[in-house]
Structure formats: structure tokens, C-alpha cells
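# Structure at a glance
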Amino acid sequence: MGERTVDWDAATYDRVADPQEEWGREVMERLQLAGDETVLDAGCGSGRLTRLLVDRVPRGRVIGVDASESMIALARENLAGYGDRVELRVGDLTELELGEEVDAIFSNATFHWILNHQRLFDRLFAALRPGGRLEAQCGGEGNVAEWARAIEAAEGDERFAPYLRGMPASHYFASVDDTRHRLERSGFDVERVWLQNKRYVPPEPREFVRSVGLTKHLARLPKELHDTFVDAVLGSMARPLTLEYVRLNISARKPA
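Residues numbered from 1 in each chain as written. Predicted model: local features only at pLDDT ≥ 70, side-chain atom pairs only at ≥ 80, totals over all residues. Heavy atoms only, no water.

With that settled, the discussion passes to the overall build of the protein. Secondary structure summary: the protein contains 11 helices and seven strands in total. In summary, the protein has a C-alpha radius of gyration of 18 Å against a globular reference of 18 Å for 256 residues, a match within 12%. Its C-alpha atoms give the protein principal-axis dimensions of about 55 × 40 × 35 Å. Per-residue burial over the protein gives 55% buried out of 256 residues. Partitioning the intrachain contacts of the protein with sequence separation of at least 6 by distance along the chain shows that 81% fall at a separation of at least 24. For the protein, the exposed area adds up to about 11600 Å²; of that, 46% sits on carbon and sulfur atoms. (Helix = DSSP H or I, 4+ residues; strand = E, 2+ residues; numbered from the N terminus. Rg over C-alpha atoms; globule rule 2.2 N^0.38 Å. Buried < 20%, exposed > 50% of the residue type's maximum accessible area, 1.4 Å probe, protein only. Contact = heavy atoms within 4.5 Å. Areas by Shrake-Rupley, 256 points an atom, 1.4 Å probe, with all protein chains shown as cover.)

Below is the structure:
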């Protein structure tokens, strides 16, 4: 079964997700394309990076999949001018069934929201044609450690605990070794898996954390507690808010 989907504030995310786009461009540069491929954007979000992928394949097409209906709705608006060169679908990547094989898979800032990485890699492997590439980046082991501790502390607050008690993990920051093992178990030839440190100071800290880091928590809390919860998490963080990211990078290929 797929994991429970929580919808996102797509408009705010699209506005504040500058670091995700910047780092995603770096990942995309690793994906060598001739221009006529069919590419899967696994976790396409609002389409900011999908647009760049479409430009990279002027004689090809891009399939964008995201679990959030609001993200796909906004992506359809953002990519309306590309016609049938872009196909956008709402879907759980752990249940991915494209009905065709793609030449390459790109993913940015998505895999850490999925708890079952083995199932994820199995489905991505099945979606690739023989010889197809996977280039991805997501949160890795040690990602935003101070931020994670602040959230954990707020979860235990008596104001929020009744709503958050029993909540499944909101993310999974995998290690290099575990990721390599799972990729190989799915059948991939793994070229490289590595961690990369990134630092980001959000210019709009409240809007950034609401739309990027706390979506699953806020979905379980009454609306009148949303601002209070955000305050509780931010209150134990340094000023200005500085997020120490650890990005997990994946370069792999399906054997030809």
C-alpha cells in the first residue's frame, strides 16, 4: 500500500522553494540528454524544474508525477504552454505504474518524504528502459539535525501532543550505505551515492518552514494551533534561522 498523502500549500512552496530549484539544477546537469528522450520527473512539485527538463528535451517529452493534487494543479498552470510535451499525473511513487518505459528519471527534494525506499527504488527501476539513468537528490543522513530536534521537542508539548501522538515519521533521511544497498537490491548499477552539505537562511522563515518542513504536522493540528506550533518550533532555533542541509545524491543506471 502507498503511504498516506498530505496535500501541500503549492502556491507558497512555489514562491519560497529557491534552494530546491538551485540544487535541482545541479542535479539536472548530471543528466546527459540528447534531446529526444522521455524523462520522468519523480516528485515534480509545482513544475519549476519540470520546465527546465522540458527545455532539455525539445524533441522529447516529460512525465511529471507528484503525490500532491495541489502541486499538480499548479504545475499544470505553470506548464500550460508546453502542450503534449508534458504529461502531469497525481500519484504515489511507491505505486508507480507509467504504462511505458522512460529513458531517464530525475528527482529533486522528494525521496526523503517517502518512508519505504526499497519499494520506491523497485518502482523506479521498473519504469526505466534498459540502460536508462537515475539522477536524484534528497535529504540524507544528518539533514537539518537542529531543525529535526526542534520539531521533536514541539511534538512533546502538551498543546500539540494529543494531535501528533502516534503520527508516523514525516520523513526518512537515508544513509549512503543503506541507499546503495537498496539500489543494488532493486537491480540498479550504482555509479555513485554521496552526501553533500548545504546551508540556507530563508528570507521568509515562517512561510518557508510552514510550506517546506511542517506540512505533515500542520495537517494533523487544528487550524487555530498552526501559528502556535510554528512559533514553538522556531522559538528554539537560532536567529536568523539557518538550516544545515545534508543532501543525498544518487547516480545509477538500469543495466542494458
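Once the structure has been displayed, the description carries forward.
Glancing now at the side chain of Glu-37. Mapped onto the fold, Glu-37 is located in the loop between α2 (18-29) and β1 (38-42). The side chain of Glu-37 is buried and forms no salt bridge, while Arg-59, the nearest opposite charge, is found at 6.4 Å. At a separation of 2.6 Å, a polar atom in the side chain of Glu-37 contacts the main-chain amide nitrogen of Ala-34. A distance of 2.9 Å separates a polar side-chain atom of Glu-37 from the backbone nitrogen of Gly-35. Residues contacting Glu-37, with those up to four places away along its chain left out, are Val-57, Gly-60, Arg-61 and Asp-103. (Lys, Arg positive; Asp, Glu negative; His and termini not counted. Salt bridge = Lys/Arg side-chain N within 4 Å of Asp/Glu carboxyl O. Polar contact = N/O pair within 3.5 Å; in protein donor to acceptor, adjacent residues only side chain to side chain.)

Let's shift gears to the packing of helix α5 (residues 117-127) against helix α8 (residues 176-186). Following both chains from N to C, one finds α5 and α8 inclined at 40 degrees, their axes separated by 9 Å at the closest point. Comparing the axis directions of α5 and α8 gives the class oblique. As for the relative orientation of α5 and α8, their crossing is right-handed in sense. Mapping the contact onto sequence places His-117, Gln-118, Phe-121, Asp-122 and Phe-125 in α5 and Thr-179, Arg-182, Leu-183, Arg-185 and Ser-186 in α8. Partitioned by chemical class, the residues of the contact of α5 with α8 number three nonpolar, four polar and three charged. (Axes fitted to C-alpha atoms, helices over the stretch in contact; angles between N-to-C directions. Parallel < 35°, antiparallel > 145°, perpendicular 65-115°, else oblique. Left-handed = near helix turned anticlockwise from the far one by under 90°. Nonpolar A, V, L, I, M, F, W, Y, C, P; charged D, E, K, R; others polar.)

Attention now goes to the packing of aromatic side chains. The final tally for this structure, using the stated rule, is five aromatic pairs. Note on Trp-23 and Tyr-245: the rings are 5.0 Å apart at their centroids and 70 degrees apart in plane angle, and the pair reads as edge-to-face. Of the two residues, Trp-23 sits in helix α2 while Tyr-245 sits in strand β7 (residues 243-253), which places them 222 residues apart along the sequence. The same class applies to Trp-23 as to Tyr-245, namely buried. Relative to Phe-121, the ring of Phe-111 lies with its centre 6.0 Å away and its plane at 70 degrees, an arrangement referred to as edge-to-face. (Phe/Tyr/Trp six-rings, centres within 6.5 Å; stacked < 30°, edge-to-face > 60°.)

Function cannot be inferred from these measures alone, as they are strictly geometric.
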